Amino acid sequence: MTGSGVWHAEQAWLGRRAEDVLIEVEDGRIKAVTEGAAAPPAATVLRGFTIPGLANVHSHAFQHVLRGRTEAGGGDFWEWRRHMYEAAGGWDAESYLAHARTVFREMLEAGITAVGEFHYLHGRGNELGEALIRAARHEGIRITLLDACYLRGGLDGRPLEGIQRSFSDGSAERWARRVDVLQDGDGVRIGAAVHSVRAVDPESMRTVSAWARKRGAPLHVHLAEQPGEVEECRAVEGCTPTELLAREGILGPDLTAVHAIHLDDHDVSLLGEQRVSICACPTTERDLGDRVGPASRLADAGSPMCLGSDSNAVIDLLEEARALELDQRRATGRRGLHQPEELLRAATVNGMRALGWEAGELKPGMLADFITIDPHRRQGGVSGRFARPGAPRGDVPPQTDTRRLDLGYLVFCCSARDVTNVVVGGQTVVAK
Ligand SMILES: [Zn+2]
């Protein structure tokens, strides 16, 4: 991911709307961004809206096979988990490589330039994790492999059952020795995960966080997705899952808490004070009946928000971004708790930071990941110079000028299928 070149964007988001933006890239990083520039002959012209690449902070690639198979019928989260466990078995390196390539290709076509794979399929040691890395390299997407420690069946220490046994290394020390072998590389970062307070005892979670902090690696955890986890934690540990993480010294700005739905006021202030990133996965959470978390209160308390496609039934970060706000509207009866710029930051720079990448903004020094969105092509419009608002005809109200880059329009009215061009590390990986 060390490409070089020059791109000329008709309109781009530089923290504000800009026109005729020249983006010069050298060795995979942005060297210069110049506004109001003419396109030199060698430049690749980008029509539409050019924005930073999207970060998919939480994915389980294997769960993509459940798409269309578990949405119907009934049951709760725990019944869905039984189906998910059926999909977790039977993979070998080659079948997982081929599967992950199709998932990562779909992500790239949706404008995702970095993915965080929360990985716990350890039945074959590092084989399937390495298959994910190879798949990402083949397709040209950045990957942060968040290798998850998973040791027990519940907070009461009950043993693992069935397929869960293949998720476990037996101890946190053995988890660390296995993960030590994995190395960062071009487009590859190794991170750590505590699967959840259910699956990892306090001493072991300290071992995992110490490993991550010694290595300067991102640390992630599934947190309070279901009320059952909170109730069990209160019964066994006498505190909430968030308070348990605080007690064990796990909270910090290098931690990303995934879901963070069933929280009380103390949890919200602990996470905010420690600047813990919160990864919401709204399309999955609504599918699983997870209810709606206190996202706007977490953001107000100081937690950066980011987003993930999680089960990958839907791969569309713009849908996740607007869902963050739209779910809050339904939960609170109020509108506009997260403004479009905040939602775009969740989908870009905040997510990149949670995955350990210096990307997500179009400015010199950042990794050269940027995408172009051109909804007018889908609408049958003419690509090219954007039109200015025209005079209304008769009693027809003035139309929003959809050719001008406006973040409200971008986040609430565009989707993955409007992505026309994707550059990762200065290399074009999607050009439609
Ligand atoms: Zn997950």
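Computed from a predicted structure; not experimentally measured.

Draft legend 1. Local environment of the coordination of the zinc ion. Taken together, His-58 (NE2), His-60 (NE2) and His-222 (NE2) make up the protein donors of the zinc ion, found 2.0 to 2.2 Å from the metal. The sequence pattern formed by the donor residues of the zinc ion is H-x1-H-x161-H. Classification of His-58 as buried rests on a relative accessible area of 0%. For His-60, a relative accessible area of 2% puts it in the buried group.

Draft legend 2. Structural context of the nonpolar core. Core analysis: the biggest nonpolar cluster contains 125 residues, and Phe-62, Tyr-96, Phe-104, Leu-121 and Trp-211 have the highest contact counts within it. The element contributing the most residues to this core is helix H2 (residues 93-109), with seven residues. Leave out the neighbours within four places in its chain, and Tyr-96 touches Ala-61, Phe-62, Trp-91, Leu-121, Leu-128, Ala-131 and Leu-132.

Draft legend 3. Structural view of the pairing of strand E3 (residues 29-34). Bridge count between strand E2 (residues 17-26) and E3: five bridges; the pairing is antiparallel. Across the sheet, the residue bridging to Leu-22 is Thr-34, located in E3. Here E2 folds back onto E3 in antiparallel fashion, the turn holding two residues, of which Asp-27 has a positive phi close to 50°.

Draft legend 4. View of the pattern of salt bridges. Under the counting rule described, the total for this entry stands at 29 salt bridges. Measuring nitrogen to oxygen at the nearest pair gives 2.8 Å for the salt bridge that ties Asp-369 to Arg-142. Here Asp-369, found in the loop between helix H13 (349-354) and strand E13 (370-373), pairs with Arg-142, found in strand E7 (residues 142-149); they are 227 residues apart in sequence, far enough to count as distant. Each of Arg-101, Arg-105, Glu-109 and Glu-139 takes part in a single network of salt bridges with overlapping partners.

Draft legend 5. Fine view of the pairing of strand E14 (residues 419-424). Buried residues dominate E14, accounting for six of its six residues. Of the pairings in the sheet, the one linking E13 to E14 comprises four bridges and is antiparallel in character. From the neighbouring strand, Phe-370 faces E14, where its bridge partner is Val-423. With four bridges connecting them, E14 and strand E15 (residues 427-431) associate as antiparallel partners. Each bridged residue has a counterpart across the sheet, and for Val-423 the counterpart in E15 is Thr-428. The antiparallel pairing of E14 with E15 creates a hairpin that spans two residues between the two strands, and Gly-425 there sits at a positive phi of about 55°.

Draft legend 6. Looking closely at unusual backbone geometry. Phi angles above zero are rare outside glycine, and Ala-224 is one such case at about 50°. A positive phi is found at Asn-312, a non-glycine position, where the angle reads about 65°. With respect to the secondary-structure elements, Asn-312 resides in the loop between strand E12 (305-307) and helix H11 (317-332). Judged by relative accessible area, Asn-312 falls into the buried class, the value being 0%.

Draft legend 7. Main features of the state of the cysteines. Tallying each qualifying case throughout the model produces zero disulfides. Cys-279 forms no disulfide, and the closest cysteine sulfur to it belongs to Cys-281, at a distance of 4.1 Å. Looking at Cys-279, the relative accessible area reads 0%, which means it is buried.

Draft legend 8. Structural view of the sheet that holds strand E1 (residues 5-13). Spatially, the seven strands line up as an open sheet ordered E3-E2-E1-E4-E13-E14-E15, and their pairing is mixed. The sheet is open, and its two edges are formed by E3 and E15, each paired on a single side. On average, each strand axis in the sheet is tilted by 35° relative to the strand beside it, whichever way the strands run. Relative to E2, E1 runs antiparallel, the two being bridged by eight bridges. From the neighbouring strand, Trp-13 faces E2, where its bridge partner is Arg-17. Seen against the sheet, H2 touches E14 and E15 and runs at an angle of roughly 90° to E15.

Draft legend 9. Representation of helix H12 (residues 340-347). Burial in H12 covers these residues: Pro-340, Leu-343, Leu-344, Ala-346 and Ala-347. Seen from one end, H12 has its buried residues packed into an arc of 155°, which puts them on one side.

Draft legend 10. Representation of the packing of helix H4 (residues 172-180) against helix H5 (residues 202-215) within the structure. Orientation of H4 relative to H5, taken along the N-to-C sense of each, is 25°, at an axis distance of 9 Å. What the angle tells us is that H4 and H5 run roughly parallel. The interaxial crossing formed by H4 with H5 has right-handed handedness. Between H4 and H5, the contacting residues are Ala-172, Glu-173, Trp-175, Ala-176, Val-179 and Asp-180 on the first element and Ser-204, Thr-207, Val-208, Trp-211 and Arg-215 on the second. Within the contact of H4 with H5, the residues separate by chemical class into six nonpolar, two polar and three charged.

About the thresholds
Residues numbered from 1 in each chain as written. Predicted model: local features only at pLDDT ≥ 70, side-chain atom pairs only at ≥ 80, totals over all residues. Heavy atoms only, no water. Donors = N, O, S within 2.8 Å, 3.2 Å for Na, K, Ca; no water. Buried < 20%, exposed > 50% of the residue type's maximum accessible area, 1.4 Å probe, protein only. Core = buried A, V, L, I, M, F, W, Y, C linked by side-chain atoms within 4.5 Å. Helix = DSSP H or I, 4+ residues; strand = E, 2+ residues; numbered from the N terminus. Contact = heavy atoms within 4.5 Å. Pairing = 2+ DSSP bridges. Salt bridge = Lys/Arg side-chain N within 4 Å of Asp/Glu carboxyl O. Disulfide = S-S within 2.5 Å. Axes fitted to C-alpha atoms, helices over the stretch in contact; angles between N-to-C directions. Arc of directions from axis to C-beta. Parallel < 35°, antiparallel > 145°, perpendicular 65-115°, else oblique. Left-handed = near helix turned anticlockwise from the far one by under 90°. Nonpolar A, V, L, I, M, F, W, Y, C, P; charged D, E, K, R; others polar.

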